[in-house]
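# Fold and geometry: a report
The lines below spell out each chain.
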Amino acid sequence: MDENQTIDQDRIMKINIEEEMKSSYIDYSMSVIVARALPDVRDGFKPVHRRILYGMLGIGNTSDKPYKKCARVVGEVLGKYHPHGDSSVYGALVRLAQDWNMRYTLVDGQGNFGSVDGDSAAAMRYTECRLSKMGEHIMDDLEKDTVDMTNNFDDSLQEPTVMPTKIPNLLVNGGNGIAVGMATNMPTHNLSEVIDGCCAYIDNPDIDTDGLMQYIKAPDFPTGAYIYGLQGVKDAYETGRGRIIIRAKAEIESDESHDKIVITEIPYGVNKAQLIEYIADLVKEGKLEGISNANDESGRQGMRIVIDVKRDANANVILNKLFKMTALQSSFSVNNIALVKGRPRILSLKECVKYFVEHRHDVTIRRTKYELKKAQERAHILEGLIIACDNIDEVVHIIRASKTPADAQRNLEQRFELDELQSKAIVDMRLSQLTGLRMDQLHAEYEELEKQIAYLQSILDDPELCKKVMKDELNEVKDKYGDARRTEIIPDEHEFNAEDFYPNDPVVITVSHLGYIKRTPLSEFREQARGGVGSKGANTREKDFTEYIYPATMHQTMLFFTKKGRCYWLKCYEIPEGDKTSKGRAIQNLLNIDPDDTVNAFLRLRGQGLSDQEFVNSHYVVFATKNGIVKKTCLEAYSRPRTNGVIAINIMEGDEVIDVRLTNGQNEIIMANRNGRAVRFDEHTIRTMGRTATGVRGMRLDEGDDAVVGMIVVNDAENETVMVVSEEGYGKRSSVEDYRKTNRGGKGVKTLSITEKTGRLVSIKNVTDNNDLMIINKSGIVIRLSVANVRVMGRATQGVRLINLSKKNDVIASVCKVMSSELEATVEEESRAQWAQKSETIRKDNTAQTEETLNEEENNQ
């Protein structure tokens, strides 16, 4: 018993479990990487694909033979080459036959092989398959010792380690796979383009990525669609990694009742059924408005997804929102990882082409050597046969005189100096070969073989001829299987523009006292008679109220200026939309503003805004602070947006920015304070300063809690009037000429007679009869009234009541001028049918009028 225990203990090896787990997992991961998940750079195949094609060739399942059951093929592959599950083999076989996954299918399938809607293929007992013609070409010359063979899993059979393909399959059909610690995702390409690129590399191995991209322009996906922008493509081709933007092919069709968005091609890898379902969910949840229906009308004629657009909606805007919110625009993340000499590597485009060309060179040389050897062996035999035919009488005599065939061979070898192979061929020769015709054929065959041997030898000796052979074979494949590009390329200059998502409609931007911002369509506001109580405004938080309200259009650039003197940038469409009663979104979530800072002013830039060099160099930003400081800086200094903002003005302690205006360098400026006084001076009295300067005195304030409440910029003194509004809802229009022009830094003249009934001044604006006023108080009540209803009166009067304050201790918080609402009223009076026909015209007019009004305002400021 003790002896047995000793023997058992001797068989037990003590090992470190940590080291064993590490080594075992490394072995497993390397097995997955090399023998399962990653394709070989030479033929673009994983082992399972290689074995499927080789197995199909082995059972004669070729394109010129009848289909065989897929189960027959899977059984062949499992039993001979691939010791894994049948589902993995069948799944790979199915993918080789799916024309929406493979740019060029290598298997010809019959039956249900799935669909672009994500349907799975039928069971392998129902489906049939055979090699496609291109699949056969993958294995051309396999029998000519062109590639190394290796034993299968039980060492009973041989299988190829790589295919002698004439087709650059890795680039043409791409591939994807997840290994351990790495993954590959390679896009498909156009065969003609790739072969042209390979030929260019053969001619010039020093060609760079830009040179190859003259031939291989971009990936070419089987589902078509558009590639937007070539920067991601170039990154992928240069480094092996990149992000390619793919957008569906869609057109807008119009009929009498409504517009339709018709999608005929979708991005590669997108599930069509899930795409339509997701669009329906977005509409149902209210995240995507303007769509009444989405149908899949795909059939034999091809893909056709039809999205019905509501009569009053803009089809272009909806289409761009679909691109943004759904997989109609998606990205393909390129990760070019393949096995190079058994090791995984990230490959550039040039490296992919290089390794394929090197493989083709090896195959060509090995095939040539094989064919040369066979030709030489045949020529050697023919030499003996020709000798025998030329001396047939003596040969017959020697054979008849010999006792056995072996003796006959020895005698012939001695007489004619032949070797064993030649003598055996002579002994085995039939009498029919002694006819004159057959003898002539022997001589002709020998001469042909001599030419063939010389040609094959020259291929081995002359590298340039070898290159020509490689190119000729590639071009032959191109001529046979090449086709037109399916995926169209939209280059950088036509790249997607975010402004395409949004019509350039007029909006109102509101910012609350606690820093909540939103944009609201101007059409939500309604004109009311002077003296009305107004409509309910924003539902703000307790102790919060809407403090700033400004007009703009969707495509304009907003420059935000904070009270601490920093500048930030946003496009209007980047500001979240909300209705008239919504709270908005905290501005800190949109801009990187300090917690103790708030936005006090912003500028709306017309036209091309910061991208218009002439505009930014000829306009100026003028600041006014609470303590009466003014500063003028060229707009160009604010034309380079930064995420964290920039210093706009140096603010002294206890001061803050209260207003910012855009000028043209020739304007006049009027500043007003709480105590109802205003000072008017020429802009050129303020010298142009740098972005970080402090400024100079613009207005001298009274002692106590006096402060500047606003600043206006006047250009047309004859047509413009000065509008001032007080805390208790009183307002007054006065002529600009009533304010005499003085020097910068003075105390100014009276602009409103301040009494307990009027309250102190809260706002000063320059207006015309074409403007409306938006007046809002701390309780959130908004009123909109026409400036034309307020008459022009003397500078020192107390004005007229503009708004009735319904709550005790309520005061005016902010005042803003906007465009006239006459156009809006006209639109409301039209019937729905008329509006459907005229909406586009009215929208353009609306935008143009808004631009004109805002341009006028900016020029006048």
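Residues numbered from 1 in each chain as written. Predicted model: local features only at pLDDT ≥ 70, side-chain atom pairs only at ≥ 80, totals over all residues. Heavy atoms only, no water.

### Some words on the overall build of the protein chain
From N to C terminus, the protein chain includes 21 helices and 41 strands. Residues classed as buried in the protein chain amount to 50% of the 861 residues present. Taking the intrachain contacts of the protein chain between residues at least 6 apart in sequence as the baseline, contacts between residues at least 24 apart amount to 73%. (Helix = DSSP H or I, 4+ residues; strand = E, 2+ residues; numbered from the N terminus. Buried < 20%, exposed > 50% of the residue type's maximum accessible area, 1.4 Å probe, protein only. Contact = heavy atoms within 4.5 Å.)

### Regarding the packing of aromatic side chains
Evaluated as defined, the whole model comprises eight aromatic pairs. Judged by centre distance (5.8 Å) and plane angle (45°), the ring pair of Tyr-25 and Tyr-28 falls under tilted. With a gap of three residues between them, Tyr-25 and Tyr-28 both fall in helix 2 (residues 17–37), about one helical turn apart. Accessibility expressed as a relative area gives 48% for Tyr-25, which makes it partly exposed. According to the relative accessible area criterion, Tyr-28 is partly exposed, its value standing at 41%. Look at Tyr-268 and Phe-332: their rings are 6.0 Å apart centre to centre, the planes differ by 40°, and that puts the pair in the tilted class. Note that Tyr-268 is positioned in the loop between strand 11 (259–265) and helix 11 (272–284) and Phe-332 in strand 14 (residues 329–335), a separation of 64 residues in sequence. Taking the relative accessible area as the measure of exposure, Tyr-268 reaches 13% and is therefore buried. Note on Phe-332: relative accessible area 7%, which makes it buried. The structure contains a cluster of three or more aromatic residues connected by ring pairs, namely Phe-221, Tyr-268 and Phe-332. (Phe/Tyr/Trp six-rings, centres within 6.5 Å; stacked < 30°, edge-to-face > 60°.)

### Some thoughts on a negative patch on the surface
A cluster of like negative charges, contributed by Glu-383, Glu-447, Glu-448 and Glu-450, occupies part of the molecular surface. Take the negative patch: its biggest share by element is three residues, from helix 17 (residues 436–461). Summarising the element assignment, Glu-450 is placed in helix 17. Overall, Glu-450 belongs to the partly exposed group, its relative accessible area being 41%. (Patch = residues over 30% accessible without salt bridge, like charges linked within 9 Å, V, L, I, M, F, W, Y side chains within 5 Å. Areas by Shrake-Rupley, 256 points an atom, 1.4 Å probe, with all protein chains shown as cover. Salt bridge = Lys/Arg side-chain N within 4 Å of Asp/Glu carboxyl O. Lys, Arg positive; Asp, Glu negative; His and termini not counted. Charge placed at Lys NZ, Arg CZ, Asp CG, Glu CD.)

### A short note on the nonpolar core
The biggest cluster of nonpolar side chains holds 104 residues, and the ones touching the most others in it are Ile-52, Leu-53, Leu-93 and Leu-191. The greatest single-element share of this core, amounting to 17 residues, is contributed by helix 13 (residues 349–390). Of the residues that make up this core, three or more belong to each of domain 1 (36–165) and domain 3 (351–484). Grouped together as the second largest cluster of nonpolar side chains are 22 residues, Ile-261, Ile-276, Ile-318 and Phe-323 included. (Core = buried A, V, L, I, M, F, W, Y, C linked by side-chain atoms within 4.5 Å. Domains from an automatic or database assignment.)

### Observations regarding the pattern of salt bridges
For the structure on display, the rule yields 47 salt bridges. For Lys-287, the salt bridge identified is with Glu-285, shortest N-O distance 3.3 Å. By relative accessible area, which is 54% here, Lys-287 ends up exposed. With a closest N to O distance of 2.9 Å, Asp-428 and Lys-424 form a salt bridge. Within this pair, Asp-428 and its partner Lys-424 are both found in helix 16 (residues 420–428), separated by four residues, close to a single helical turn. Residue classification places Lys-424 among the partly exposed positions, given a relative accessible area of 43%. Each of the salt bridges in this network shares a partner with another, and the network as a whole consists of Asp-141, Lys-144, Arg-360, Arg-367, Glu-371 and Glu-473.

### Examining the sheet that holds strand 35 (residues 730–735)
The sheet built from four strands is open, its strands ordered 37-34-35-40 with antiparallel pairing. Of all strands in the sheet, those with a lone pairing partner are strand 37 (761–767) and strand 40 (800–801), marking the two edges. One ladder, built from five bridges, connects strand 34 (residues 721–726) with strand 35; its direction is antiparallel. In the sheet register, Val-722 faces strand 35, and the bridge partner there is Ser-734. (Pairing = 2+ DSSP bridges.)

### Some thoughts on the packing of helix 8 (residues 191–203) against helix 18 (residues 463–481)
Where helix 8 contacts helix 18, the two axes come as close as 9 Å, and the packing angle between them is 170°. Classed by the angle they form, the pair helix 8 and helix 18 counts as roughly antiparallel. For the pair helix 8 and helix 18, the contacting residues are Leu-191, Ser-192, Ile-195, Asp-196, Cys-198, Cys-199, Ile-202 and Asp-203 in the first and Lys-467, Met-470, Lys-471, Leu-474, Asn-475, Val-477, Lys-478 and Tyr-481 in the second. Split into classes, the residues belonging to the contact of helix 8 with helix 18 amount to nine nonpolar, two polar and five charged. (Axes fitted to C-alpha atoms, helices over the stretch in contact; angles between N-to-C directions. Parallel < 35°, antiparallel > 145°, perpendicular 65-115°, else oblique. Nonpolar A, V, L, I, M, F, W, Y, C, P; charged D, E, K, R; others polar.)

### Overview of the sheet that holds strand 33 (residues 708–714)
Judged by pairing direction, the sheet is antiparallel, and its four strands sit side by side in the order 33-30-31-36 without closing on themselves. The outermost strands of the open sheet, each flanked by one partner alone, are strand 33 and strand 36 (749–750). Alignment of strand 30 (residues 668–673) against strand 31 (residues 677–682), held across five bridges, turns out to be antiparallel. Residue pairing across strands places Glu-668 opposite Asp-682, the latter belonging to strand 31.

### Details of the side chain of Thr-127
Within the fold, Thr-127 resides in the loop between strand 2 (107–110) and strand 3 (128–131). When residues no more than four places from it in sequence are discounted, the contact partners of Thr-127 are Lys-68, Lys-69, Cys-70, Tyr-90, Gln-110, Asn-112, Phe-113 and Ala-122.

### Considering the pairing of strand 37
Both faces of the sheet carry side chains from a regular strand, because those side chains alternate between them. Most of strand 37 sits out of view: six of its seven residues are buried. Pairing geometry for strand 34 and strand 37, over six bridges, is antiparallel. Each bridged residue has a counterpart across the sheet, and for Ser-726 the counterpart in strand 37 is Leu-761.

### Here's the deal with the packing of helix 8 against helix 13
Direction vectors running N to C along helix 8 and helix 13 enclose 75°, while the axes themselves pass 10 Å from each other. One element, helix 8, and the other, helix 13, form an angle in the roughly perpendicular class. Residues Gly-197, Cys-198, Tyr-201 and Ile-202 of helix 8 form the contact with helix 13, whose own contacting residues are Lys-350, Val-353, Lys-354, Phe-356 and Val-357.

### Digging into a nonpolar patch on the surface
On the surface, Ile-26, Met-30 and Val-34 cluster together into a nonpolar patch covering about 240 Å² of accessible area. Inspection of the secondary structure puts Ile-26 in helix 2.

### A word on helix 4 (residues 70–80)
All of the buried residues along helix 4 are Cys-70, Val-73, Val-74, Glu-76 and Val-77. Down the axis of helix 4, the buried side of the element spans an arc of 160°, and every buried residue falls inside it. Packing partners of the buried residues in helix 4 comprise helix 3 (47–58), strand 1 (68–69), helix 5 (86–96) and strand 3. (Arc of directions from axis to C-beta.)

### Re unusual backbone geometry
Even without being glycine, Asp-145 reaches a positive phi, approximately 55°. With respect to the helices and strands, Asp-145 occurs in the loop between helix 6 (133–138) and strand 4 (149–151). Judged by its relative accessible area of 46%, Asp-145 is partly exposed. Here Glu-417, not a glycine, exhibits a phi torsion of approximately 55°, which is positive. By the secondary structure assignment, Glu-417 is in the loop between helix 15 (405–416) and helix 16.

### Quick look at the side chain of Ser-402
Mapped onto the elements of the fold, Ser-402 is located in the loop between helix 14 (392–401) and helix 15. One polar contact links the side chain of Ser-402 to the main-chain carbonyl oxygen of Ile-398, over a distance of 2.7 Å. Aside from chain neighbours lying at most four places away, what touches Ser-402 is Asp-407, Ala-408 and Asn-411. (Polar contact = N/O pair within 3.5 Å; in protein donor to acceptor, adjacent residues only side chain to side chain.)

### Notes on helix 15
An ideal rise of 1.5 Å per residue puts 16 Å on twelve residues; helix 15 measures up with 16 Å between its terminal C-alpha atoms. Ala-408, Gln-409, Leu-412 and Phe-416 are the residues of helix 15 that are buried. In an axial view of helix 15, the angular spread of the buried residues amounts to 100°, which keeps them on one side of the axis. On its buried face, helix 15 sits against helix 13, helix 14 and helix 16. (Expected span 1.5 Å × (residues − 1).)

### Topic: the confidence of the model for the protein chain
Averaged over every residue, the pLDDT of the protein chain is 84; residues scoring 70 or more account for 89%. Mean pLDDT values for the elements of the protein chain range from 37 in helix 20 (residues 822–829) up to 97 in strand 3. Per-residue pLDDT stays below 50 along residues 821–861; that stretch engages in 78 contacts with residues further than four places along the chain or on separate chains. (pLDDT = per-residue confidence, 0-100.)

### As for the environment of Gly-654
Secondary-structure assignment places Gly-654 in the loop between strand 28 (646–647) and strand 29 (657–663). Residues Gly-654 and Asn-627 lie 27 residues apart in sequence; the distance between their C-alpha atoms is 8.4 Å. Leave out the neighbours within four places in its chain, and Gly-654 touches Lys-626 and Asn-627.

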